[in-house]
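# Working through the structure, step by step
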Amino acid sequence: MKMHPTPSSPVRTASALAILAATLMSSCTFAQVHARTSLSSTRHGASSEAMDRDLLEVTIPQLHAFYRSRRYTVVQVVQWYLARIDRYNGIYLPIQTIDAQAALALAAQEDREAAAPNFAPGPLWGVPLVTKANTSVQGLVTTDGWKGYMIPGKELVAPRNATIVTKLRAAGAILLGQTNMPDFAASDTNRSTAFGRTGNAYDVRFSPGGSSGGTVTAVTANLAVLGNGTDTGNSIRMPAATSAVVGVFPTRGLVSIAGIAPLDWLLDNTGPIARNVTDAAIALSVMAGEDPLDPPTAGSSTKAQPGPYTNYLKPDALKGKRFGVPAFILEGAGIPFQGIASDRTPAQVAAETRAARLALRPETRAAFLKAIEGLRAAGATVVIDDSILPDRFAVTIARVATLPYIREGTDNFLKLFGPAQYHSAQEYETAVGSPLPGTVVGGRGNTTDGRAAVPQAILETDPNAEANFFAPRRRALENYVEALDRLHLDGFVYPAAQMPPPDETMPQDGQISGGPHSDTGWVNMIGVPAVVVPGGFYPSGLPFGLEISTRPWHDGDLLGWAYAYEQATHHRHPPVLVEQGLLPAAR
């Protein structure tokens, strides 16, 4: 167990063994809960059986009802979650850092506040949650999933909170800890050099997807009520699909990403991950808002549908609505991650697009067609036609190129949220003696798919920025909206992943799986809102996720449709967790 002292409280963090060992382990060194004690001795008379019954799958409204009736205190609820983390984190490895001392102290403070005569709880008061390890929490190490930010004496200790952390805490949320993620969020599965491999709660052998797989497993396994994910190319939505949870990708600019370590600041976004749409809507209402530290949020209060987003949650919200199925997703058309720069030759464009093709697996097609029956049963029309966002849309949107500008995002993040030792990529190299990887600073090796490296520039001053980014983005968004207008559609619906979650204990297609991949990164490239809801289960027992997207700034409508689908289908059921891994002797 490696200790990372912070200015406020001791936080315990640990690394798993090698990736394969982490896949098969039955127990490992992991972050221990502060004051590890039996449930019976910490609940102050509360029945263990009653708490297990009441809190498993609890919603925010239900939890608040328990608090109002004095059935449970906030301390008791936090202790229940910490004990559950202690019980299962060593098997599934979703939570890297557990800040138990601070969580219990805040819970006790909130219990004292509740005794005041004019007490008015916030919308997330007493709600235990987790945040992804790329989200700055003052005094904690922002590992970003990478061991290079954990070097003793050189840790990336956050000097301040990310904007969403400030908002969540102001609403009364209790932060339990930070969730595991792949290095820099640059993977479709959840293996990290900082903490090892996270398993899928429905079957630990399988992938939970990435890069928000740690939050997804923690939430679906009931180790927290909800959490945040981040999404650069599918990383909220595809993991949500693997684990029967709700994942929200807001309109870019609705929620601030300030204080979140970037993978690609022009594509990054953050939103809530929850077990049901109501909790996701409550959390999104808290997270939304303008932030001077994040320019795309400027003016969002006048462009967005007004909150709170629970106002849009109506069981009949799907009646009379029309949705189209994008043809390019069914065909598996390729859209290279982070796009294709304007200086690429036609031959290079064709080669990169061809290499990015991603077929829709037959079992996923079958699950999708079955899932949309629920939309139709709830009163919606679903249109499948080859003219709806065909392959040429994929070609258009593939030209939204962000690779030339990724270093700028990393430097801007470190300037405000890095430790005193390094406020830029260059200062990191000086302080540590080795450079940051090209994944987040560009240059040599800055692509993850074998494409040639792209020289870095500053977006605001680059003469090629219009051709690389702004013009292709406008064209792609115009094409997207034109399809909605032409066919009188309210939105689009499609599979959140092109395949089921893979078994990571054995090779897939001759190699270790890189995770369940998706064809949904185009959403990031134009910044429109999307949501994933549980859409059923594969014959294997693993979840399938249905994704819906719509017009910019119609996040309330989107959540209303997701809620109506959820209420009409009730697909989610909780996983049955195991308490030992596959090899009891593994250490």
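The preceding data block contains the structure.
Residues numbered from 1 in each chain as written. Predicted model: local features only at pLDDT ≥ 70, side-chain atom pairs only at ≥ 80, totals over all residues. Heavy atoms only, no water.

Here we come to the packing of aromatic side chains. All chains considered together, the criterion is met by 22 aromatic pairs. Look at tryptophan 80 and tyrosine 81: their rings are 4.8 Å apart centre to centre, the planes differ by 85°, and that puts the pair in the edge-to-face class. Exposure remark for tryptophan 80: the relative accessible area of 3% places this residue in the buried category. The interplanar angle of 45° and the centroid separation of 5.9 Å between the aromatic rings of tyrosine 480 and tryptophan 522 together place this pair among those described as tilted. (Phe/Tyr/Trp six-rings, centres within 6.5 Å; stacked < 30°, edge-to-face > 60°. Buried < 20%, exposed > 50% of the residue type's maximum accessible area, 1.4 Å probe, protein only.)

Of the strand pairs in this sheet, strand 11 (residues 322-325) and strand 12 (residues 381-384) are connected by 4 bridges, and their pairing is parallel. Looking at strand 12, one finds that arginine 322 is bridged to threonine 381. Direction of pairing for strand 11 relative to strand 13 (residues 491-495): parallel, over a ladder of 2 bridges. By the bridge assignment for strand 13, glycine 324 is matched with phenylalanine 492. (Pairing = 2+ DSSP bridges. Helix = DSSP H or I, 4+ residues; strand = E, 2+ residues; numbered from the N terminus.)

We now examine the side chain of glutamate 408. With respect to the helices and strands, glutamate 408 occurs in helix 16 (residues 406-417). The buried charged residue glutamate 408 lacks any salt bridge, with lysine 415 as its nearest oppositely charged partner at 8.2 Å. Setting aside residues no more than four positions away along its own chain, glutamate 408 makes contact with Trp265, Ala457, Ile458, Leu459 and Glu460. (Lys, Arg positive; Asp, Glu negative; His and termini not counted. Salt bridge = Lys/Arg side-chain N within 4 Å of Asp/Glu carboxyl O. Contact = heavy atoms within 4.5 Å.)

A few words now on unusual backbone geometry. The peptide bond linking glycine 210 to serine 211 adopts the cis configuration, its omega dihedral lying at 10°. By the element assignment, serine 211 lies in the loop between strand 7 (196-197) and helix 8 (213-220). Residue proline 308 is bonded to the preceding glycine 307 through a cis peptide linkage, with omega at 0°. Mapped onto the fold, proline 308 is located in the loop between helix 11 (300-303) and strand 11. Located in the positive-phi region is histidine 488, a residue other than glycine, with phi close to 55°.

Examined against the element boundaries, glutamate 566 turns out to sit in helix 21 (residues 555-569). Comment: no salt bridge for buried glutamate 566; closest opposite-charge side chain is arginine 572, at 8.0 Å. If near-sequence neighbours (up to four positions away) are discounted, glutamate 566 is found in contact with Val246, Arg275, Asn276 and Val277.

The next thing to look at is the nonpolar core. Ranked by internal contacts, the top residues of the largest apolar core, which has 101 residues, are Leu124, Val493 and Leu546. The dominant element in this core, judged by the number of residues it contributes, is helix 5 (residues 74-92), at 11 residues. By size, the runner-up hydrophobic cluster in this structure holds 33 residues, among which are Phe328, Ala394, Ala465 and Ala476. (Core = buried A, V, L, I, M, F, W, Y, C linked by side-chain atoms within 4.5 Å.)

This part is about helix 8. Summarising burial for helix 8: 8 of the 8 residues are buried, a large majority. Inspection of helix 8 places Gly213, Gly214, Thr215, Val216, Thr217, Ala218, Val219 and Thr220 among the buried residues, and these make up the whole buried set. In the segment just after helix 8, asparagine 222 is the residue with positive phi, at about 65°.

Moving on to the environment of threonine 439. Checked against the element boundaries, threonine 439 lands in helix 18 (residues 438-441). As for threonine 439 and leucine 403, which are separated by 36 residues in sequence, their C-alpha atoms are 9.6 Å apart.

Buried residues of helix 3 (residues 48-55): Ala50, Met51, Asp54 and Leu55, and no others. Looking down the long axis of helix 3, one finds its buried residues gathered within 105° of arc, a one-sided arrangement. Facing away from the buried side of helix 3 by more than 90 degrees, the exposed set consists of Glu49 and Arg53. Looking at the packing, one finds that the buried side of helix 3 touches helix 4 (60-68) and helix 5. (Arc of directions from axis to C-beta.)

Right, let's talk about the pattern of salt bridges for a bit. Think of it this way: side chains of opposite charge can pair up when their charged atoms draw near. Tallying each qualifying case throughout the model produces 17 salt bridges. Among the salt bridges present, the one from aspartate 54 reaches arginine 53, with a minimum N-O distance of 3.7 Å. On the accessibility criterion, aspartate 54 (14% relative accessible area) is buried. Classification of arginine 53 as exposed rests on a relative accessible area of 56%. For arginine 237, the salt bridge identified is with aspartate 231, shortest N-O distance 2.9 Å. The network of salt bridges with common partners includes Arg53, Asp54 and Arg71.

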